[in-house]
Amino acid sequence: MTATVASSGWHKGRVKSVPSGDTLVIMAAQKPDLSPPPEKTITLSYIIAPKLARRGGIDEPFAWDSREYLRKLCMGKEVCIRADYIVSSIGREFCSVFLQDKNVASMIIAEGWAKVREQGQQKGEASSFLADYLRFEEQAKQQGLGRWSKVPGASEASIRKLPPSAIGDPSNFDAMGLLAANKGRPMQSIVEQVRDGSTVRVYLLPEFQFVQVFVAGIQAPSMGRRPAADSVFEPETSSDEPNGEVSAKSHVPLTSAQRVAASSASSTEIAPDAFGKEAKHFTETRVLNRDVRIVLEGVDKYNNLIGSVYYPDGDSAKDLALELVQNGLAKFVEWSANMMEEDAKRRLKSAELQAKKERLRIWTNYVPPATNSKAIHDQKFTGKVVEVVSGDCIIVADDAAPYGSPLAERRVNLSSIRCPRMGNPRRDEKPAPYAREAKEFLRSRLIGRQVNVSMEYSRKFSMADGVVATAGAADSRMMDFGSVFLLSPSNVEGDGVSSAGSQQAGVNVAELLVARGFGTVVKHRDFEERSNHYDALLAAESRAIAGKKGIHSSKDPPVMHITDLVTASAKKAKDFLPFLQRSRRLPATVEYVLSGHRFKLLISKETCSIAFSFSGVRCPGRDELYSDEAIALMRRKILQRDVEIEVETVDRTGTFLGSLWESKTNMAAVLLEAGLAKLQTSFGADRIADAHLLAKAEQSAKQQKLKIWENYVEGQEIANGSGTENSRQKEVLKVVVTEVLDGGRFYIQQIGEQKIASIQQQLASLNLQETPLIGAFNPRKGDIVLAQFSADNSWNRAMIVNSRRGTVQSLKDEFEVFYIDYGNQELVPYDRLRPLDPSVSSVPGLAQLCSLAYIKVPSLEGDFGQEAAEFLSEHTLNSSRELRIMIEEKDTSGGKVKGQGTGTVLIVTLVDVEAGTSINAAMLKEGFARLERKKRWDSRERQSALDNLEEFQEEAKSKRLNMWQYGDIESDDEESTKPVKAGGRR
């Protein structure tokens, strides 16, 4: 049972409990797996302590004081014991016990809490300690210590006045009355028994009310039930007979607790639950026979007390319920946890979740439920907030991503909170109460401010009303969630939110919203990913509910009526014009950036929303070059910012025209200076505010040849509004050829395209070592995946062009893929494919299909088709020369990209910059192509281009090069007349 100290028979053990003033329960050393170690009950040799009361009886004088002295002296401490003798008739072992180097019996006798029992003749020689015991007893008598007190009435005063026991007889106990008198107040108690890990029986001091308390918020495994025949309790006996000898009549009655246990025993044995013994032992080693504080939380329908138990641990106190749950020895119980404070309840719930994740003890075989959320690890970034979509969703410009990149602006949904929905105007859905207030609360604090973002999890949602999607749902999308921290919280003073985590992290924006009552905390299921600051969010929600803030208020929500002139008729917009011109400058907020020069503004003063456009300034239209850059610039500069406007007039579509300033800066001038807009003054510059500044900004961009002025030549510009078809400015791009299909078709990538570097950076960060499990990843036709290119083993984005029917059966199953960033196409085995994150796959392919303009090249199967393709490859793929394309027109008849050779085709002139000639002309000159025929309806621009190229074709004809070696070639597959439109004749 215990470790042997020496061959003399001394053993070591630890005091588990103190049943009386002369009895100890000793246990062996604690096992690592928390299972109960061996234990035994011993009685101190040669002493007799006063007996404690049994059910319906009273204490002997000084019995409680005697027990308390021994309890405080030895409880939980390591002792050395030696068996002196055993009285088999009562099954009791009598021992000498030493605490460190002191004899425990000597200390008890010296303090007067027990009397000496002399050894009987039949036991042989007297103990070597007996003489000391008698001497200490005599001294205690002379000094009047303990039970030998000479104070009048001391003996009667030491007897406890015990109220009727509450255990087993509810009629003796008013549980609701006790709760009402002591709700939430710590009550000093001593634990007398531990029924199971979460049920204790205690004396409530100082009245010595003996009650049973169920630990609030948890339930430990059951200890089962023993048959009645085995329900024998060892009584706490002491005998006045020498050496502890007793007669058959000396068996004393059971205690009240023992009687209850015996009366409730059944003839049917039920084995303890798994880890039931470990949970009980865990509780016993911490609270049994110890001073504890019990906070009553409630009473159940059976009149049972529900309470929290706190036991001392050094200078602090520990929560028994929390310790049991953290060690996987109890589970969280909602019904009793609801009686507790929210903070305590949250701690228990979090502890249980952690124990489940670690699969501790009772959770060893726990299988987590399926979830639609997936953790995001080690993804943090810093950026500036450019848009507040709603109260719980913002868009942050990532400082690490290049400007203009599709990954530069990242949508972040705030983790674990939900704010009122903004509604959908297209569906006539109005904003929910406090939705505008929540969005405005964020806008006023975050727009343009630097924030730290820590991405935490992604979750699949249905497109319909944000309902959580089931696995594999086709109409679902992934949403990324994270915590956002405001770096310089100067604007949030008084919000009652402390800095989360380190001082560097800043103020948690989600906590700020919830504390103001503009959002609620999502109640996550077990094993569902959540905010790393979930407890702080719940605490903030509790404060908001207590303070009746925002959506928790009983008051009617504020109502704001906004007249939307964007969707109204042009006549209604004109009727509003005088109101907007009353003040020269009006404060407004930019709600949306519709294009580089057109916006939706909210004018709170006039309670209306308007469409607003710069006077005399125009950016490239949708799908035109630099259109996206102009929009991106305005989003960064003015979206959701407070601005000032000056309205000049309203056009026929109901759009108001004027000037706009942000922080006293004319934003039209910013666009012009960046080369992203043109100044149009055909209707008069005198009507435009700061017209001279706008003209100066445009001239600066022209001189630097920025953006739309890249090909600008002084003196050759066309007056605003007077351009003709012949003067149409063609788009010129610096490119690299990535794949040649034949002599006339090829794929290009634009040099300097910011998307390329961004995508390459993301692909480089992926871990692609592990081969996917068969069945876990089933590519389908049209899916965008990662494929390993056979030529150089690099991983690239690819579209599945053809795949096998059904599920994947082998790692060698082949898929035909088209590399959307390069234009190559090949067969790839399954083990060289990987799934791709939607944030990367959603970016359009970077490879653009092109065809040489004005010429016809033989197909690969035709005469000289192979040679033509080799010539084109030699001058593009295998050359380091600088290449540019001039886009003559676009052919969109190919529809969407479905593989190699499909999709929109750019009809281009491919120019070798160093040689100063076009590849189109070189193909004609070498006899690998022929000119397209002129048609009567051709534009002058096309006719001029064909005339310029004709000399190169004539040179090849004269030299009989390649396709011209047998003379002139006539083509009969071209139409020579323009088709007549139906109904077009007179």
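The rules behind the values
- Residues numbered from 1 in each chain as written.
- Predicted model: local features only at pLDDT ≥ 70, side-chain atom pairs only at ≥ 80, totals over all residues.
- Heavy atoms only, no water.
- Helix = DSSP H or I, 4+ residues; strand = E, 2+ residues; numbered from the N terminus.
- Buried < 20%, exposed > 50% of the residue type's maximum accessible area, 1.4 Å probe, protein only.
- Contact = heavy atoms within 4.5 Å.
- Areas by Shrake-Rupley, 256 points an atom, 1.4 Å probe, with all protein chains shown as cover.
- Salt bridge = Lys/Arg side-chain N within 4 Å of Asp/Glu carboxyl O.
- Core = buried A, V, L, I, M, F, W, Y, C linked by side-chain atoms within 4.5 Å.
- Phe/Tyr/Trp six-rings, centres within 6.5 Å; stacked < 30°, edge-to-face > 60°.
- Lys NZ or Arg CZ within 6 Å of the ring centre and 35° of its normal.
- Expected span 1.5 Å × (residues − 1).
- Pairing = 2+ DSSP bridges.
- Polar contact = N/O pair within 3.5 Å; in protein donor to acceptor, adjacent residues only side chain to side chain.
- Axes fitted to C-alpha atoms, helices over the stretch in contact; angles between N-to-C directions.
- Parallel < 35°, antiparallel > 145°, perpendicular 65-115°, else oblique.
- Left-handed = near helix turned anticlockwise from the far one by under 90°.
- Arc of directions from axis to C-beta.
- Patch = residues over 30% accessible without salt bridge, like charges linked within 9 Å, V, L, I, M, F, W, Y side chains within 5 Å.
- Lys, Arg positive; Asp, Glu negative; His and termini not counted.
- Charge placed at Lys NZ, Arg CZ, Asp CG, Glu CD.
- pLDDT = per-residue confidence, 0-100.

Some points on the overall build of the chain
- For the chain, the helix and strand inventory stands at 22 helices and 47 strands.
- In the chain, buried positions account for 48% of the 986 residues.
- Partitioning the contacts of the chain with sequence separation of at least 6, the portion at a separation of at least 24 is 66%.
- When the accessible surface of the chain is totalled, it reaches about 49900 Å², and 48% of it is carbon and sulfur.

Quick word on the pattern of salt bridges
- Taken as a whole, this structure holds 48 salt bridges when the rule is applied.
- In this structure, R543 engages E511 in a salt bridge whose closest nitrogen and oxygen atoms are separated by 3.9 Å. With R543 in helix α13 (residues 534-546) and E511 in helix α12 (residues 509-515), this pair connects stretches of sequence that are 32 residues apart.
- Residue R543 is classed as partly exposed on the basis of its relative accessible area, which comes to 39%.
- Two residues, E932 and R942, come together in a salt bridge whose shortest N-O distance is 2.6 Å. Of this pair, E932 sits in the loop between β47 (930-931) and α22 (940-958) while R942 sits in helix α22, placing them 10 residues apart in sequence.
- Residue classification places R942 among the buried residues on the basis of a relative accessible area of 16%.
- When salt bridges that share partners are traced, they join R67, E68, R71, E192 and D291 into one network.

Focus on the nonpolar core
- If you look at the biggest cluster of nonpolar residues, it comprises 48 residues, and the most contacted ones within it are I610, F612, F614, I645 and F656.
- For this core, the element with the most residues is helix α16 (residues 667-673), which contributes six residues.
- Dropping the residues within four chain positions of it, F614 is found in contact with G596, H597, F599, M634, G658, L660, M667, A668 and L671.

Considering the packing of aromatic side chains
- Here the structure, examined in full by the defined rule, presents 19 aromatic pairs.
- Taking 4.9 Å as the distance between ring centres and 15° as the angle between the ring planes, the aromatic pair formed by Y85 and F94 counts as stacked. Here the two residues Y85 and F94 agree in accessibility, since each one is buried.
- An aromatic cluster is present here, built from W10, F98, F129 and Y133 joined pairwise through their rings.
- Against the face of W148 rests K141, its NZ or CZ located 4.8 Å from the ring centre.
- The cationic tip of R530 hangs over the ring face of Y534; the distance from NZ or CZ to the ring centre is 5.1 Å.

Digging into helix α7 (residues 276-287)
- The end-to-end C-alpha separation of α7 is 17 Å, in line with the 16 Å expected for 12 residues at 1.5 Å each.
- The element α7 is extensively covered by neighbouring structure, given that nine of its 12 residues are classed as buried.
- Buried within α7 we find G276, E278, A279, H281, F282, T283, E284, T285 and V287.
- N289 occupies a position one or two residues after α7 and carries a positive phi of about 60°.

As for the pairing of strand β16 (residues 316-319)
- For strand β15 (residues 305-313) and β16, the ladder comprises four bridges, and the chain directions are antiparallel. Bridging across to β16, Y311 finds its partner in K318.

Details of the sheet that holds strand β39 (residues 814-818)
- An order of β40-β39-β38-β37-β41 is seen for the five strands of this open sheet, with the pairing classed as antiparallel. Taken across any chain shown, the strands that pair with only one partner, and hence form the sheet edges, are β40 (825-829) and β41 (833-834).
- Alignment of strand β37 (residues 784-788) against β41, held across two bridges, turns out to be antiparallel. Paired with L786 across the strands is R834, a residue of β41.

Comments concerning the side chain of D196
- Its place among the elements puts D196 in strand β10 (residues 186-196).
- In this structure the side chain of D196 is engaged in a polar contact, spanning 2.9 Å, whose partner is the backbone nitrogen of S198.
- The residues touching D196, leaving out its near neighbours within four places in the chain, are P221, M223 and K280.

Observations concerning the packing of helix α10 (residues 342-358) against α13
- Relative to each other, α10 and α13 sit at 155°, their axes nearing to 10 Å. The orientation of α10 with respect to α13, classified from their angle, is roughly antiparallel. The chirality of how α10 crosses α13 is right-handed. Residue-level inspection shows E342, D343, R346 and S350 of α10 in contact with α13, the latter providing D535, L538, A539 and S542.

Looking at helix α14 (residues 570-580)
- For α14, the set of buried residues is A573, F576, L577 and L580. The arc that holds the buried residues of α14, viewed along the axis, is 135°, so those residues lie on one side.
- The secondary structure elements touched by the buried residues of α14 are β26 (563-564), β27 (586-593), β28 (598-603), β29 (608-614), β31 (642-650) and β32 (656-662).

Some points on a negative patch on the surface
- Side chains of D863, E867, E870 and E874 sit close together on the surface and give a patch of like negative charge.
- Residue placement: E870 occurs in helix α20 (residues 865-875).

Considerations on the confidence of the model for the chain
- Chain-level pLDDT for the chain is 82 on average; 85% of the residues reach the 70-or-more range.
- Under a pLDDT of 50 for its full length, residues 971-986 has, in the predicted model, 13 contacts with residues more than four places off or in other chains.

Observations regarding the environment of D84
- Mapping D84 onto the fold places it in strand β6 (residues 78-87).
- D84 sits 12 residues away from S96 along the chain, and the two C-alpha atoms are 6.6 Å apart.
- Side-chain polar atoms of D84 contact the side chain of S45, separated by 2.7 Å.

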